[in-house]
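Listed below are the residues making up each chain.
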Amino acid sequence: MTKNRIIDLQLFADGDPVQGSKIIFALRQLSKQTEENAKVLAWQKEGSRSISKDADTVKTKSGTVRVPGAAEVEYSLTSLVAKGDTTYQDYQDAMMNDEKFELWKINMDEAGSGENSGKFKAEYAQGFITNIEESSNSEDFAELSIDFGGEQKPQHGFATLTAEQQEMAQYVFEDVLKKAAA
C-alpha cells in the first residue's frame, strides 16, 4: 500500500521573492581602492551571476568516477549608456591593460542589522572584465554589456552604499519641505 505524502515545495522560502530591480552591481578597478568609491552603473537593466564547473570522468575497473574541476564564476551586466559618462571608456582601457577589478552584487532588499546596520547584503568578487559590448539600434537606447570573470570564491557580507550610489539605483525619498541651501 502506497501512502500519499504532501510535499511542501516552499520549505526554503521564508519570505517574499526579491524584485530584480533591488539587486544592483558596482565595479571598481582594484588599483583605485584608496582613490574612489565603487561605481554603480546608471540605468542597469540586467545583471546575472552564473557558476559552472567541469567534471572529468575517470574510467576505473568498478565504473566511472567523476572528478570535479574548479568552479568558474561569471557575472554579466547590461545598462544603458549615459551621455558624457567616461566610465565605460575607463573600463575598456583597464580591460585592455589587464587590470583587475572588484565587483559587488548588492541586494538592496536585504538590509543589515546590528553591526551591519545601514548596509545591504552583498557578494564580493575580484577578477577581470572579459568582454565589453556596446550596442545601439535605431529603436532603443544604446546599451553597454560587461562580462566579468571572478577569481577564487566570491565572498559574502554586507556593503555600504552612499546616498549617491543608492540614487543611481533608484531615486531616494524626498520630504515635501524645502531643502536648506548647500
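For every chain, the first residue of the written sequence is number 1, and numbering continues from 1 along that sequence. Only residues with pLDDT of 70 or above have their local features reported here, since the model is predicted, and side-chain atom pairs are shown and tallied only from 80 upward, although totals for entire chains, interfaces and linings are computed over all residues. With hydrogens and water set aside, each side-chain value is computed from the structure's full complement of heavy atoms.

**Student:** Residue-level account of empty space enclosed by the protein, with values.
**Tutor:** Put plainly, a pocket is an open set of points on a 1 Å grid over the protein atoms alone with protein on both sides within 12 Å along at least five of seven lines, a cavity is a set where a 1.4 Å probe fits but cannot get out, and a lining residue has an atom within 4 Å of a point. Grid points are joined across faces, edges and corners, and a volume is the space filled by probe spheres set on the points. Tallying each qualifying case throughout the model produces 1 cavity of 30 Å³ or more. Quantified by volume, the largest cavity comes out at close to 40 Å³. We count a stretch as a helix when DSSP gives it H or I for four or more residues in a row; a strand needs E for two or more, and each element gets its number in order from the N terminus. At the level of secondary structure, the elements contributing two or more residues to the lining of the largest cavity comprise β1 (23-29) and α1 (87-96). Ranked by residue count, the leading element in the lining of the largest cavity is β1, at 3 residues. Under the grouping applied here, Gly and all other residues not named as nonpolar or charged are polar, the nonpolar ones being Ala, Val, Leu, Ile, Met, Phe, Trp, Tyr, Cys and Pro and the charged ones Asp, Glu, Lys and Arg. Within the lining of the largest cavity, the residues separate by chemical class into 2 nonpolar, 1 polar and 5 charged.

**Student:** Run through the side chain of S79, naming residues and quoting values.
**Tutor:** Structurally, S79 is set in strand β4 (residues 63-80). Those residues in contact with S79, other than ones at most four positions away along the chain, are L41, A42, W43, Q44, K45, Y88, A142, E143 and L144. The contact criterion used is simple: two residues touch if any of their non-hydrogen atoms lie within 4.5 Å.

**Student:** Tell me about the sheet that holds strand β6 (residues 119-135), and please be specific about residues and values.
**Tutor:** As summarised here, the arrangement of the 7 strands in space is β2-β1-β5-β6-β7-β4-β3, forming an open sheet in which the pairing is antiparallel. Every other strand in the sheet has two partners, leaving β2 (39-40) and β3 (44-60) as the edge strands with one partner each. Of the strands in this sheet, β1, β2, β4, β5 (101-111), β6 and β7 (143-160) are in contact with α1, which crosses β6 at around 80°. Pairs of strands are assigned from DSSP output, requiring at least two bridges between the strands. Axis definition: a line fit to C-alpha positions, over the contact stretch in the case of helices; interaxial angles, taken between N-to-C directions, run 0 to 180 degrees.

**Student:** An account of the environment of W104 is needed here, citing residue identities and associated values.
**Tutor:** Looking at the secondary structure, you find W104 in strand β5. For the pair W104 and Y124, spaced 20 residues apart in sequence, the C-alpha to C-alpha distance is 4.6 Å. Once residues lying within four places of it in the same chain are set aside, the contact partners of W104 are I24, F25, A26, L27, R28, A38, E123, Y124 and A159.

**Student:** An account of a nonpolar patch on the surface is requested, with residue identities and associated values reported.
**Tutor:** Patch construction takes residues with relative accessible area above 30% that form no salt bridge. Like charges are linked within 9 Å, and nonpolar side chains (Val, Leu, Ile, Met, Phe, Trp, Tyr) are linked within 5 Å. The Shrake-Rupley method, run with a 1.4 Å probe, gives the accessible areas here. Residue values count only the displayed protein chains as cover. Only one rule defines a salt bridge in this text: a Lys or Arg side-chain nitrogen within 4 Å of an Asp or Glu carboxyl oxygen. On the surface, a cluster of nonpolar side chains totalling about 200 Å² of accessible area is made up of V58, V65 and V67. Considering the arrangement of structural elements, one finds V58 in strand β3. When its relative accessible area of 38% is taken as the criterion, V58 is described as partly exposed. Relative accessibility thresholds used throughout: buried, under 20% of the residue-type maximum; exposed, over 50%; partly exposed, between the two (1.4 Å probe, protein chains only).

**Student:** Run through the side chain of T78, naming residues and quoting values.
**Tutor:** The topology assignment puts T78 in strand β4. By relative accessible area, T78 is classed as buried at 16%. Pairing of N or O atoms within 3.5 Å defines a polar contact, subject to two protein rules: one partner must be a possible hydrogen donor and the other a possible acceptor, and residues neighboring in sequence count only if both atoms are side-chain atoms. A polar contact of 3.4 Å, which involves the side chain of T78, links it to the side chain of S145.

**Student:** Give a description of the pattern of salt bridges that names residues and reports values.
**Tutor:** If the charged atoms of two oppositely charged side chains come close together, the side chains can form a pair. If you walk through the whole model with that rule in mind, you get 5 salt bridges. Here E110 and K121 are joined by a salt bridge, their closest N and O atoms 3.6 Å apart. One end of the pair, E110, is in strand β5; the other, K121, is in strand β6, and 11 residues separate them in sequence. With a relative accessible area of 39%, K121 lands in the partly exposed category.

**Student:** Please provide a residue-by-residue account of the pairing of β7, values included.
**Tutor:** Note that β4 and β7 share 8 bridges and pair antiparallel. Bridged to T78 within β7 is S145.

**Student:** Lay out the environment of Q33 with the relevant residues and their values.
**Tutor:** Note that Q33 resides in the loop between β1 and β2. You can call Q33 partly exposed: its relative accessible area is 41%. Remark: the alpha-carbon pair of Q33 and F101, spanning 68 residues in sequence, is separated by 9.7 Å. Not counting residues up to four positions away in its chain, the partners in contact with Q33 are R28, E102 and Y124. Only 2.8 Å separates the side chain of Q33 from the side chain of E102, close enough to count as a polar contact.

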